[in-house]
There are 4 protein chains.
Amino acid sequence: MSDLVDREYDLLAERLAHQGLDLEGIKERLKVQEIETPSWGYGNSGTRFGVFKQAGAARDLHERLADAAMVHQLTGVCPSTAIHIPWDKVDDFGALKQEAEDLGIRIGAVNPNVFQDADYKMGSFANSSERVRRNALDHLVACIDIMEQVNSKVLSLWFADGTNYPGQGDFRRRKHWFEAGLREVHEALPEGARMLIEYKFFEPGFYLTDIADWGMAAFYCKHTGPRAQVLVDLGHHPLSTNIEHVVAFLIDEGLLGGFHFNNRKYADDDVTTGSVNPYEVFLIYNEIVAAEDDPSIRDLDIAYMVDQSHNIKPKMEAMIQTVVFIQSAYARALLVDRNALLASQTEEDTVRSESILQEAFTTDVRPLLARVRKEMGLHPDPVAAYRASGYFEKIAEERVGELEGAGSWG
Amino acid sequence: MSDLVDREYDLLAERLAHQGLDLEGIKERLKVQEIETPSWGYGNSGTRFGVFKQAGAARDLHERLADAAMVHQLTGVCPSTAIHIPWDKVDDFGALKQEAEDLGIRIGAVNPNVFQDADYKMGSFANSSERVRRNALDHLVACIDIMEQVNSKVLSLWFADGTNYPGQGDFRRRKHWFEAGLREVHEALPEGARMLIEYKFFEPGFYLTDIADWGMAAFYCKHTGPRAQVLVDLGHHPLSTNIEHVVAFLIDEGLLGGFHFNNRKYADDDVTTGSVNPYEVFLIYNEIVAAEDDPSIRDLDIAYMVDQSHNIKPKMEAMIQTVVFIQSAYARALLVDRNALLASQTEEDTVRSESILQEAFTTDVRPLLARVRKEMGLHPDPVAAYRASGYFEKIAEERVGELEGAGSWG
Amino acid sequence: MSDLVDREYDLLAERLAHQGLDLEGIKERLKVQEIETPSWGYGNSGTRFGVFKQAGAARDLHERLADAAMVHQLTGVCPSTAIHIPWDKVDDFGALKQEAEDLGIRIGAVNPNVFQDADYKMGSFANSSERVRRNALDHLVACIDIMEQVNSKVLSLWFADGTNYPGQGDFRRRKHWFEAGLREVHEALPEGARMLIEYKFFEPGFYLTDIADWGMAAFYCKHTGPRAQVLVDLGHHPLSTNIEHVVAFLIDEGLLGGFHFNNRKYADDDVTTGSVNPYEVFLIYNEIVAAEDDPSIRDLDIAYMVDQSHNIKPKMEAMIQTVVFIQSAYARALLVDRNALLASQTEEDTVRSESILQEAFTTDVRPLLARVRKEMGLHPDPVAAYRASGYFEKIAEERVGELEGAGSWG
Amino acid sequence: MSDLVDREYDLLAERLAHQGLDLEGIKERLKVQEIETPSWGYGNSGTRFGVFKQAGAARDLHERLADAAMVHQLTGVCPSTAIHIPWDKVDDFGALKQEAEDLGIRIGAVNPNVFQDADYKMGSFANSSERVRRNALDHLVACIDIMEQVNSKVLSLWFADGTNYPGQGDFRRRKHWFEAGLREVHEALPEGARMLIEYKFFEPGFYLTDIADWGMAAFYCKHTGPRAQVLVDLGHHPLSTNIEHVVAFLIDEGLLGGFHFNNRKYADDDVTTGSVNPYEVFLIYNEIVAAEDDPSIRDLDIAYMVDQSHNIKPKMEAMIQTVVFIQSAYARALLVDRNALLASQTEEDTVRSESILQEAFTTDVRPLLARVRKEMGLHPDPVAAYRASGYFEKIAEERVGELEGAGSWG
């Protein structure tokens, strides 16, 4: 089979050369792609109806880091892992940083939690109690302190604040509290760091979510400061939303800070990226590649982070499958002939314009990615490599009893 | 104020007499209305992001029954309570029946649980393991045994079976397993009992739900037997679904078995009935009253059951508020002038037809319900009566530490 | 009956006095409420499947003005009518202004049309042809000229620009063209006038809409200038959107310019306001009243405009019914006890907070509105007055043959 | 390039042989695939905001047939065209049949129209006027007569019946009228013919649609007779509906009669099949192929029909693009390894099960389809062949002035 894949690659290379694409440049970009995996993606999680515990699920941060390192080892494009405080709290974050580096990875975004404590029942920054608002701010500042210790450059903020009933909260009063809180966070940010503000259409609030859409997140950023940007979670939009349009709009406003990758068919399902509509993920990457190629766009700095909640699929396999899918979306977007596209758009040749995208999407990039991995010294098929590695058997045997539980997360 | 309410009632009576409505008949129907409250509505519950424990939340079935009895005492229309097995499992169900009767209520629907055990991770009746399918059937038969002990006439079936990913399950194979399982349940039903089959658009399955809509539930009923009917949960439809149309369609097919009342703005939010769109609940009751008034409809036997999950509102207050709202929806529907409506429909006078419904909906029925309650020997305002009763203070003090947890539930 | 309504009013007044509400102040606010009706609401319209012509539908602008004047005569709160260019194009707009004044009304918002001409098949401001973009701008400037002639203060902008297929248009290039076009419009605005930018989730574009949500509209306003504000059409949001939250957010940002009132169950259905979820309209007015009552909000200047498309209901009746419904929504919102609400919100008493809104919504304000109308010298029931007026019979007889057709409109 | 495609085919053949797939059998199935194109897809159509006329759009049935024949000539898989009465009414249907045959095609489904005439303003079979219900029935019987003349075996029924407002119609009364009407149609069907009942979530009714979902259509079929089956239009479901599940359910019940292919992102957008979520179309074909391969499924008889409304894309190109896409969906579904899938499902290996589908979907089938076309004596790329044919230039020149207009259609 390996010989077949090589020949498939050769033929693909021949086709892409016909199209005038710079195959070596494409491979270079695929080699430096970075996808951050989340520590909480390696532990047990579930739905409100229950959590089905998995054999081998990571029980503490050390095991989560080991799993993240294994994913990076197999894929080569996951050099960092996001942490969640307090689920990932340790006594010595300096030692943690070293532990990650020893594993060949680094700590990525720091994700505070201001929704789980009983205190936050009625909200964090939008809580009518000044004490609770102050607690929330203190927690965020503590997370910023952790950022400095682990050399993280991204504070990733998801607020569960919202209400379940009309009348429960005063929209504008809550907005003002949020503006004040976010400004204080901005002031506390370390040099060179950013804060990403996530929005969500609903849940756990079933009437109001204080930061309900990209527009609210963007206005909060504008009121907060230059280092506040918007975080786009693929599952946090109303159904049918043209997400790639939102992405392009935010890029144009200099406000796109990063992604939480997952997929959804119904609500915030947090299923595997690309499992519902792979074409949509391609169209999002198409906007990213267009911006990367656009000399008028400066300072594009996007954090690509996975945020999924797998209840059924084995954690490690699901994560590797996700990373491979995201690579393929980027690869396909790199195959779009942008000059031809601009020309057909200007000529109003809609069938041709659409076909240019569809041809890139339809191209089977598996031989290309296999070659990229080979050139990076990796196995061409990370899932197969994982299944053959014995890693699962090892952790399933070792990780008996749950030491420490991680929760679910927006 | 009480004098004011009396005068408001008198004026309302005068207006309704003008309209030719039979006020005494309406009051009689309001007095015999029955709304079943669920035992699991009195204990702690939450979202996938966490459960905020409430002071006074019931810790075991005995406390849940006491709460249900208190709601009946205050409202007069909640004479039964649904139970959930195993959450409400006791050693002696004969004693439980007596305990409920001593409290002035009875046991209503029995709700099995075939989704929470680790065994059911990949489904119950749609599980590819014959052993698990048999376990599920055994559990349902055990619940039927409990029905006989507590003299329940309704087996209320919600199946969480579904999948998260394309390919994960074979749709038609799963369907056949479901048909077989349901037929076995039907055969085991006691004399005079029914089984209600609930459907749900999604969750916890995020790709497939085996019984995804009323049509599938209705076809399963047809394949199962004459004592299988459909259960309509107000939160289990795609957005915008004309639920009152589904209700009328099921009534016409003789397949409407009951309701789970709650409300939703986004997904299966399980918030208080009437909190999102009170007009919609009225329109549903409008179909029910039309069927009650229609001599061609025989054997209408609808179980009206509450199924909500309150994370923020105090359990008892939320339940009483819910019951009062449902009463008001029924009361308004009883005010619709059906002869005038039929005439205006036949004349294609759309503005008039709509106005007939709107006028009934807009009528303030609080004085009417206050009078009904007075005539039933109750306080005219159940929420106020509850707040004045000292019941909450008592249970908040007594119920310290959680003895036994109930779960969340579709 | 008229005596009964008087006694109902007296009893309502007694109840509101108990609640400490300023009934005279409330009546004053109801008397000065203004709702603008659209000229295109008086002519034939339909769906893509066809237009069913109505007896008496207005055939030209003169008939539309007469109809609008009749609605104002009956309701007392519709002193202006919006016009649509070119559907309402006349030779002498000075004479038109006089004609309206002679009828007791005035010209309200001017609505340009840059979507109907063949030229706009691929968009207006987002068209890749500079010529078409220039045509669109010229048309808008011509409309501004009309504004000056009829003394209109509102330019109401809806752009149908969008695409049907991925690849068809370049998002960011289109955005830049829009920014440039809108800025030129802003520069041309007359002294004291505003331009309102409408957004829409989808249709007629089925993949992209250039101004797809309130956030995009708001960002365009920010890029355009201080006299650009957002126009909220109630039917232009994804399902489940918390519209009252968007309204409050825009008010807080000083960006709420006006409304297009209608209702929707599914998409942009353009059905009668309040026909789907009357509680939602109340909750929107609740935010408006809260802002009116808030001394920190200055310069609140909201244009309240109807925009519906009635295919089944007779045009005039539907319009009057709409106006009466909007009055009732405002009336109910004026009954909210805001001090009690703020207190219960601060105490986190969710059941109480919600009940305060529900009690206002549940109050039957028909006697109050009947009294307001009587005090304004009007018939207490505008629909009944219209049916008794013989107006319909007159126009149905006179308006034979269609002189001039108006179209459909977002 | 042609040589490259040949080599790509050879490599693909090698890969599929590795997988144990029967390539010759797959090619045979692709050669006999049939996709019916609709006559109304060749004429001008639009949205409620207007129709942009296209150069070369067919002006009458003769031109529509010529276009349909050209599509068949280029693709080889479109041997029939659906007609719509009265848009396609001719004096001599016998001559029409011959005309089609002379062009190398045949007449497919006959589609009656009971929504466009003023008579149908308030519905057809659900109209409260017995006269109108009778007119509708007469029209359907007249269409059945046409079926006999053109030897059509499919009567394709879409009813626009619905209401816009609560109260406007009585749900159960309307249901009974529908049942009676459909039974009469069934009795009139010619030997060997079927009637397909289409459902639609909404539009043009914005409150009620009488046949709103597959469940209602299926119950109507059951009440109608054995030759009534359900027609699935891909754009007629609530958002997120798992359409492939509905398809499998209908197949299992023996009720799947056919498809209307198109795609939708928002509502019933009627855009090109596969343009929104190509994976979804593949998953639907996956169920069809599974049923074709299942010996327990007998009498599978599915009519595959295109129903799109192109406002922007040139009609002919859009149709060819659609057909090519549907071919590729079928081709990919034929590559699924069903034995491996069943095994992995039984083993509950979700990642593997999903991957089996994804691998088939990801395979680039363009070389396979090119080869199939070559073996059928066709150009390997039908869109390119069409662009090179000069057909468009010819019709754009000839078809000046609109002779006869076709409408829009659900």
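Here, the structure is the one placed above.
Quantities reported herein were computed from a predicted structural model and do not represent experimental measurements.

Rules used in this analysis
Residues numbered from 1 in each chain as written. Chains lettered and ligands numbered in written order. Predicted model: local features only at pLDDT ≥ 70, side-chain atom pairs only at ≥ 80, totals over all residues. Heavy atoms only, no water. Helix = DSSP H or I, 4+ residues; strand = E, 2+ residues; numbered from the N terminus. Rg over C-alpha atoms; globule rule 2.2 N^0.38 Å. Buried < 20%, exposed > 50% of the residue type's maximum accessible area, 1.4 Å probe, protein only. Contact = heavy atoms within 4.5 Å. Areas by Shrake-Rupley, 256 points an atom, 1.4 Å probe, with all protein chains shown as cover. Lys, Arg positive; Asp, Glu negative; His and termini not counted. Charge placed at Lys NZ, Arg CZ, Asp CG, Glu CD. Phe/Tyr/Trp six-rings, centres within 6.5 Å; stacked < 30°, edge-to-face > 60°. Core = buried A, V, L, I, M, F, W, Y, C linked by side-chain atoms within 4.5 Å. Least-squares fit on C-alpha atoms with pLDDT ≥ 70 in both. Buried area = accessible area lost by both parts, 1.4 Å probe. Salt bridge = Lys/Arg side-chain N within 4 Å of Asp/Glu carboxyl O. Polar contact = N/O pair within 3.5 Å; in protein donor to acceptor, adjacent residues only side chain to side chain. Nonpolar A, V, L, I, M, F, W, Y, C, P; charged D, E, K, R; others polar. Arc of directions from axis to C-beta. Axes fitted to C-alpha atoms, helices over the stretch in contact; angles between N-to-C directions. Parallel < 35°, antiparallel > 145°, perpendicular 65-115°, else oblique. Left-handed = near helix turned anticlockwise from the far one by under 90°.

(A) Representation of the overall build of chain A in the model. If you tally the helices and strands in chain A, you get 15 helices and 10 strands. Relative to the 2.2 N^0.38 estimate, which gives 22 Å for 410 residues, the radius of gyration of chain A is 22 Å and therefore close to what a compact globule would have. Relative to its full complement of 410 residues, chain A shows a buried share of 70%. When contacts within chain A are restricted to residue pairs at least 6 apart in sequence, long-range pairs at least 24 apart make up 78% of them. Only carbon and sulfur atoms are counted for the fraction: they give 49% of the accessible area of chain A, which is about 13100 Å². Between the averaged position of the 41 positive side-chain charges in chain A and that of its 65 negative side-chain charges there is a distance of 3 Å.

(B) Layout of the packing of aromatic side chains. Residue and element names in this part refer to chain C. Throughout the structure, instances matching the rule amount to 108 aromatic pairs over all chains. Here the aromatic rings of Phe115 and Trp158 are separated by 5.1 Å at their centres, their planes lie at 65°, and the arrangement is edge-to-face. Of this pair, Phe115 sits in the loop between β3 (106-112) and α5 (130-150) while Trp158 sits in the loop between β4 (154-157) and β5 (162-163), and the two are 43 residues apart along the sequence. Residue Trp158 is classed as buried on the basis of its relative accessible area, which comes to 2%.

(C) Inspection of the nonpolar core at higher detail. Counting 479 residues, the largest nonpolar core has Phe259 of chain A, Phe259 of chain B, Phe259 of chain C together with Phe259 of chain D as the members making the most contacts within it. Residues within four places of Phe259 of chain D in sequence aside, it is in contact with Leu231, Val232, Leu234, Val247, Ile284, Ile288, Ile302, Ala303, Tyr304 and Met305 of chain D. Counting 16 residues, the second-largest nonpolar core is a separate cluster that includes Tyr165, Phe201 and Val271 of chain C together with Val271 of chain D.

(D) Quick peek at the relation of the copies chain A and chain B. Its rotation angle being 180°, the transformation that places chain A on chain B also includes 0.0 Å of axial translation and leaves an RMSD of 0.0 Å. Put plainly, the chains are arranged around a two-fold axis. Within chain A, the C-alpha atom positioned nearest to the axis of rotation is that of Arg48 of chain A, 2.1 Å from it. Of the residues that chain A buries at the interface, 100% are likewise interface residues in chain B, meaning the two copies contact each other through the same surface.

(E) Inspection of the environment of Asp293 of chain C at higher detail. Residues and elements named next belong to chain C. Secondary-structure assignment places Asp293 in the loop between α9 (278-292) and β10 (303-306). Sequence separation between Asp293 and Leu334 is 41 residues, and the spatial gap between their C-alpha atoms is 9.9 Å. Once you skip the residues sitting within four places of it in the chain, Asp293 turns out to touch Arg29 and Arg338.

(F) Main features of the interface of chain A and chain B. In this assembly, 41 residues from chain A lie in contact with 42 residues from chain B. Both faces considered, chain A and chain B share a buried interface measuring about 3700 Å² in area, 66% of it formed by carbon and sulfur atoms. In this assembly, chain A and chain B are joined by six salt bridges. Between Asp270 of chain A and Arg48 of chain B there is a salt bridge; the shortest N-O distance is 3.0 Å. The interface formed by chain A and chain B holds 12 residue pairs in polar contact (both at pLDDT 80 or more) in total. For the side of chain A that touches chain B, a count of residues per class yields 19 nonpolar, 12 polar and 10 charged.

(G) Fine view of helix α4 (residues 93-102) of chain D. Residue and element names in this part refer to chain D. Residues of α4 that are buried: Phe93, Leu96 and Ala100. Buried positions in α4, seen along its axis, are confined to an arc of 45° and lie on one side of it. Against α3 (61-75), β2 (80-85), β3 (106-112) and α5 (130-150) lie the buried residues of α4. The N-capping residue of α4, defined by a side-chain oxygen 2.9 Å from the backbone nitrogen of Gly94, is Asp92. Looking at the residues trailing α4, positive phi occurs at Gly104, about 90°.

(H) Spotlight on the packing of helix α10 (residues 315-334) of chain D against helix α14 (residues 382-389) of chain D. Residue and element names in this part refer to chain D. In the contact formed by α10 and α14, the axes pass within 9 Å of each other and the chain directions differ by 160°. When the interaxial angle is binned, α10 and α14 end up roughly antiparallel. The handedness of the crossing between α10 and α14 is right-handed. Contacts from Met316, Glu317, Ile320, Gln321 and Val324 in α10 reach Pro382, Val383, Tyr386 and Arg387 in α14.

(I) Highlighting the interface of chain B and chain D. Contacts between the two partners involve 60 residues from chain B and, on the opposite side, 60 residues from chain D. Summed over both partners, the interface of chain B with chain D buries about 4800 Å², with 60% contributed by carbon and sulfur atoms. When the buried surface of chain B facing chain D is broken down by residue, Arg172, Phe219 and His245 of chain B rank first, second and third, together holding 16% of it. Taken together, chain B and chain D are joined by six salt bridges. Joining chain B to chain D, the criterion identifies 24 residue pairs in polar contact (both at pLDDT 80 or more). Only α6 (171-188), β7 (208-209), α7 (214-224), α8 (243-252), α9 (278-292), α11 (338-346) and α12 (350-362) of chain B provide two or more residues apiece to the side of chain B that touches chain D.

(J) Representation of the relation of the copies chain B and chain D. In screw terms, the move from chain B to chain D is a rotation of 180° and a rise of 0.0 Å along the axis, fitting with an RMSD of 0.0 Å. Most of the interface of chain B is mirrored in chain D, where 100% of its interface residues again form contacts.

(K) View of the pattern of salt bridges. For the coordinates displayed, the defined rule picks out 148 salt bridges over all chains. Lys175 of chain B is the salt-bridge partner of Glu253 of chain D, the closest N and O atoms lying 2.6 Å from each other. Placement of the pair is Glu253 of chain D in the loop between α8 (243-252) and β9 (256-261) and Lys175 of chain B in helix α6, with the two residues belonging to separate chains. Judged by relative accessible area, which is 3%, Lys175 of chain B ranks as buried. The closest approach of N and O atoms between Lys175 of chain C and Glu179 of chain C, which form a salt bridge, is 2.9 Å. Placement of both Lys175 of chain C and Glu179 of chain C in helix α6 (residues 171-188) is noted, with a separation of four residues, approximately one turn of the helix.

(L) A look at unusual backbone geometry. Looking along the chain, the bond that leaves Glu203 of chain C and enters Pro204 of chain C is cis, with omega of 5°. For Pro204 of chain C, the position within the fold is in the loop between β6 (194-198) and β7 (208-209). The peptide bond linking Ile85 of chain D to Pro86 of chain D adopts the cis configuration, its omega dihedral lying at 20°. Unlike most non-glycine residues, Ser240 of chain B shows phi in positive territory, near 80°. In this structure, Ser240 of chain B sits in the loop between β8 (228-233) and α8.

(M) Spatial organisation of helix α13 (residues 366-375) of chain D. All names here are of chain D. Counting buried positions over the 10 residues of α13 gives seven, a clear majority of the element. Those residues of α13 lying buried are Pro367, Leu368, Leu369, Ala370, Arg371, Val372 and Arg373. For α13, the secondary structure elements touched by its buried residues are α1 (2-18), α2 (23-32), α10 and α14. Of the residues trailing α13, Gly377 is marked for its positive phi of about 80°.

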